[in-house]
Amino acid sequence: DTGVSQDPRHKITKRGQNVTFRCDPISEHNRLYWYRQTLGQGPEFLTYFQNEAQLEKSRLLSDRFSAERPKGSFSTLEIQRTEQGDSAMYLCASSLDVRGLEKLFFGSGTQLSVL
Amino acid sequence: GENVGLHLPTLSVQEGDNSIINCAYSNSASDYFIWYKQESGKGPQFIIDIRSNMDKRQGQRVTVLLNKTVKHLSLQIAATQPGDSAVYFCAENISPGAGNMLTFGGGTRLMVKP
């Protein structure tokens, strides 16, 4: 499978616990994005990387959230001290920046449920 | 676009008919628009895109129309098939040149009756 891969597909955790999600983008893509989607809504932008540099973060990304892309390939999104409001689908997308505007290819997401 | 919470607008069409899904976007400065299809349990799948210097673009069985005057985007699907059943989102790029950060609309559920 050469698409965007996310792991795990589902995560159930108790409030206050930390969770970490992983995203493996399409191999030649230099941009990687994290979005969050709640039931019945469109995805909301969280943050993005160009290679290993984190270039933009949404106001939605509180201090409890941290994302990394250490070698410019896979990325991790960590949520510390989870809250019930963090329950959502976390989507990763990647793209190849050619002229600043490019197609995003999304993974199937990680569904987080905070009890 | 507006978020409509749990109650997505639903378009129900007969197999073989044409479908038109509409979207109102929010930022007159947006210059890139995309339609995505999302099936249950999957991430959004790219369908077609259009830049603001165009008003129409055609793909295979799909056409996107852009009306910048009224900030309206539509997706036309010809000869709708059961496999087209999904939620459709329009998205706009509100930060051109600074990464493809997209703002998504609230989605429309398309149901195709066989």
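Each remark here, short or long, concerns the structure printed above.
Report follows, based on the coordinates.

Scoring rules and cut-offs
Residues numbered from 1 in each chain as written. Chains lettered and ligands numbered in written order. Predicted model: local features only at pLDDT ≥ 70, side-chain atom pairs only at ≥ 80, totals over all residues. Heavy atoms only, no water. Helix = DSSP H or I, 4+ residues; strand = E, 2+ residues; numbered from the N terminus. Rg over C-alpha atoms; globule rule 2.2 N^0.38 Å. Buried < 20%, exposed > 50% of the residue type's maximum accessible area, 1.4 Å probe, protein only. Contact = heavy atoms within 4.5 Å. Areas by Shrake-Rupley, 256 points an atom, 1.4 Å probe, with all protein chains shown as cover. Lys, Arg positive; Asp, Glu negative; His and termini not counted. Charge placed at Lys NZ, Arg CZ, Asp CG, Glu CD. Pairing = 2+ DSSP bridges. Axes fitted to C-alpha atoms, helices over the stretch in contact; angles between N-to-C directions. 1 Å grid on protein atoms, 1.4 Å probe; cavity = no way out; pocket = protein on both sides within 12 Å on 5 of 7 lines; lining within 4 Å. Points joined across faces, edges and corners; volume = space filled by probe spheres on them. Core = buried A, V, L, I, M, F, W, Y, C linked by side-chain atoms within 4.5 Å. Salt bridge = Lys/Arg side-chain N within 4 Å of Asp/Glu carboxyl O. Polar contact = N/O pair within 3.5 Å; in protein donor to acceptor, adjacent residues only side chain to side chain. Nonpolar A, V, L, I, M, F, W, Y, C, P; charged D, E, K, R; others polar. Phe/Tyr/Trp six-rings, centres within 6.5 Å; stacked < 30°, edge-to-face > 60°. Lys NZ or Arg CZ within 6 Å of the ring centre and 35° of its normal.

**Some thoughts on the overall build of chain A**
Within chain A, the regular secondary structure consists of zero helices and eleven strands. Reading the helices (α) and strands (β) of chain A from amino to carboxyl end gives β-β-β-β-β-β-β-β-β-β-β. Relative to a compact globule of 115 residues, whose C-alpha radius of gyration would be 13 Å, chain A shows 13 Å and is just as compact. With respect to the three principal axes, the spread of C-alpha positions in chain A is 40 × 30 × 25 Å. When the 115 residues of chain A are sorted by exposure, 50% land in the buried category. Within chain A, contacts between residues separated by at least 24 positions form 53% of all contacts whose residues are at least 6 apart in sequence. Summed over its atoms, the accessible surface of chain A is roughly 5900 Å², and 44% of this surface lies on carbon and sulfur atoms. Charge centroids of chain A, computed over 15 positive and 14 negative side chains, lie 4 Å from each other.

**A word on the sheet that holds strand β6 (residues 62–67) of chain B**
Residue and element names in this part refer to chain B. With antiparallel pairing, the four strands of this open sheet are ordered in space as β2-β7-β6-β5. One side of each edge strand has no neighbouring strand; the edge strands of this open sheet are β2 (19–24) and β5 (56–58). When the angles between neighbouring strand axes are averaged without regard to direction, this sheet yields 15°.

**Description of the layout of surface pockets**
Rolling a probe over the atoms, with the probe sized like a water molecule, indicates the empty space that remains. Estimates place the volume of the largest pocket at around 540 Å³. Taken together, 24 residues line the largest pocket, and the ones lying closest to its centre are Gln37(A), Leu39(A), Gly40(A), Gln38(B) and Ser40(B).

**Brief notes about the nonpolar core**
Inside soluble globular proteins, nonpolar side chains tend to come together where they are buried. Ranked by internal contacts, the top residues of the largest apolar core, which has 20 residues, are Tyr33(A), Tyr35(A), Leu104(A), Phe106(A), Tyr36(B), Leu102(B) and Phe104(B). Elements with a contribution of two residues or more to this core: β4 (31–37), β5 (44–50) and β9 (88–95) of chain A together with β3 (32–38), β8 (86–93) and β9 (102–104) of chain B. Not counting residues within four places of it along the chain, the set of residues in contact with Leu104(A) comprises Tyr33(A), Tyr35(A), Ala93(A), Ser94(A), Ser95(A), Tyr36(B), Phe46(B), Asn100(B) and Leu102(B).

**A look at the environment of Lys42(B)**
When you line up the elements, Lys42(B) lands in the loop between β3 and β4 (45–51). Each C-alpha atom, one on Lys42(B) and one on Ile20(B), is 23 Å from the other, the two residues being 22 residues apart in sequence.

**Here's the deal with the interface of chain A and chain B**
Each partner contributes to the interface: chain A provides 22 residues, whereas chain B provides 25 residues. Summed over the shared surface of chain A and chain B, the number is zero salt bridges. Applying the counting criterion to the chain A and chain B interface returns four residue pairs in polar contact (both at pLDDT 80 or more). Elements supplying a minimum of two residues to the side of chain A that touches chain B: β4 and β5 of chain A. Among the residues making up the side of chain A that touches chain B, the classes are represented as ten nonpolar, six polar and six charged.

**Some points on the packing of aromatic side chains**
If you walk through the whole model with that rule in mind, you get 13 aromatic pairs over all chains. Seen from their ring centres, Tyr35(A) and Phe104(B) are 5.8 Å apart, and the 85° between their planes marks the pair as edge-to-face. With Tyr35(A) in strand β4 and Phe104(B) in strand β9, this residue pair bridges two chains. Since its relative accessible area comes to 6%, Phe104(B) is described here as buried. Here the aromatic cluster, defined as three or more aromatic residues joined through ring pairs, consists of Tyr33(A), Tyr35(A), Phe45(A), Tyr48(A), Phe106(A), Tyr36(B), Phe46(B), Phe89(B) and Phe104(B). For the cation-ring pair, Arg22(A) lies above Phe74(A), with the distance from its terminal atom to the ring centre recorded as 3.9 Å.

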